[in-house]
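Notes for the structure review
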Amino acid sequence: MLSLPDRRAWIFDLDGTLTQPVHDFLHIRQELGIAPDQDILATIAARPSSEREEMMVRLDELEHLYAARAKPAPGVLELLEFLAVNRCDMGILTRNTQSIAIASLAAIGAEHFFIHDRIIGRDEARPKPDTQGITLLLNSWQRMPDEAVMVGDFRYDLETGRAAGTFTIHVDDRDRHWPELTDLRVSSLQALTHHLKNA
């Protein structure tokens, strides 16, 4: 098995991972008429087509508002620069749309680190925890899962990485733990960069 510093394919969740958490998912669910414990995308997908289209339009509007407010997670630019200098492939796998993800990356000054067609949103692949997005990225880089890392702040990210066979990194300073899905847990991207430089 490759050590973490030797892995050259890095896949990131966006919201709450590269950006500071700003999404108010309770508010989003209220706006869409979705119960607090229901998955937003799965619930919308199960609705009749006319209702589904209206809900997706409203979801896009809400997510664009949050994208405009995006702030960089502490240490994000240092980490991405470190990976770029070490010639790592980098991609995004998000349950947002690609355009919203690009807007968020631009807002935090990180858009230049990512080729746009390596930003996989819900229109390019089935949403996490489905592994289709990881497969698309690995195929585009001609990489194998054991060369890859999935980085995220929520269990969907970790479930996706685990199911696809990648190394999984949970970035979170809150009291949320999924040890059965996590290969490495760090409190911040700064801590991750420190780990990589000292591994």
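To start, this report covers the structure provided alongside it.

Conventions adopted
Residues numbered from 1 in each chain as written. Predicted model: local features only at pLDDT ≥ 70, side-chain atom pairs only at ≥ 80, totals over all residues. Heavy atoms only, no water. Buried < 20%, exposed > 50% of the residue type's maximum accessible area, 1.4 Å probe, protein only. Helix = DSSP H or I, 4+ residues; strand = E, 2+ residues; numbered from the N terminus. Arc of directions from axis to C-beta. Contact = heavy atoms within 4.5 Å. Core = buried A, V, L, I, M, F, W, Y, C linked by side-chain atoms within 4.5 Å.

Okay, helix 7 (residues 155-164) next. Owing to its 3.6 residues per turn, the α-helix brings residues three or four apart onto one side. Taken together, the buried positions of helix 7 are Asp157, Leu158, Thr160, Gly161 and Ala164. All buried residues of helix 7 fall inside an arc of 160 degrees around its axis, so they share one side. Residues of helix 7 that are buried sit in contact with strand 2 (89-93), helix 6 (132-141), strand 4 (148-152) and strand 5 (167-171). Positive phi shows up at Gly165, right after helix 7, with a value of about 90 degrees.

What follows concerns the nonpolar core. Counting 32 residues, the largest nonpolar core has Trp10, Phe12, Leu18, Leu105, Phe114, Ile169 and Leu192 as its most contacted members. If you list the elements that add at least two residues to this core, you get strand 1 (9-12), helix 4 (76-85), strand 2, helix 5 (98-107), strand 4, strand 5, strand 6 (184-186) and helix 8 (189-198). For this core, the leading source of residues is helix 4, giving four residues. Not counting residues up to four positions away in its chain, the partners in contact with Trp10 are Leu4, Leu83, Cys88, Asp89, Met90, Gly91, Trp141, Val149, Val151, Ile169, Leu192 and Leu196. Ranked by size, the runner-up nonpolar core spans 12 residues in total, among them Ala125, Ile134, Leu138 and Met150.

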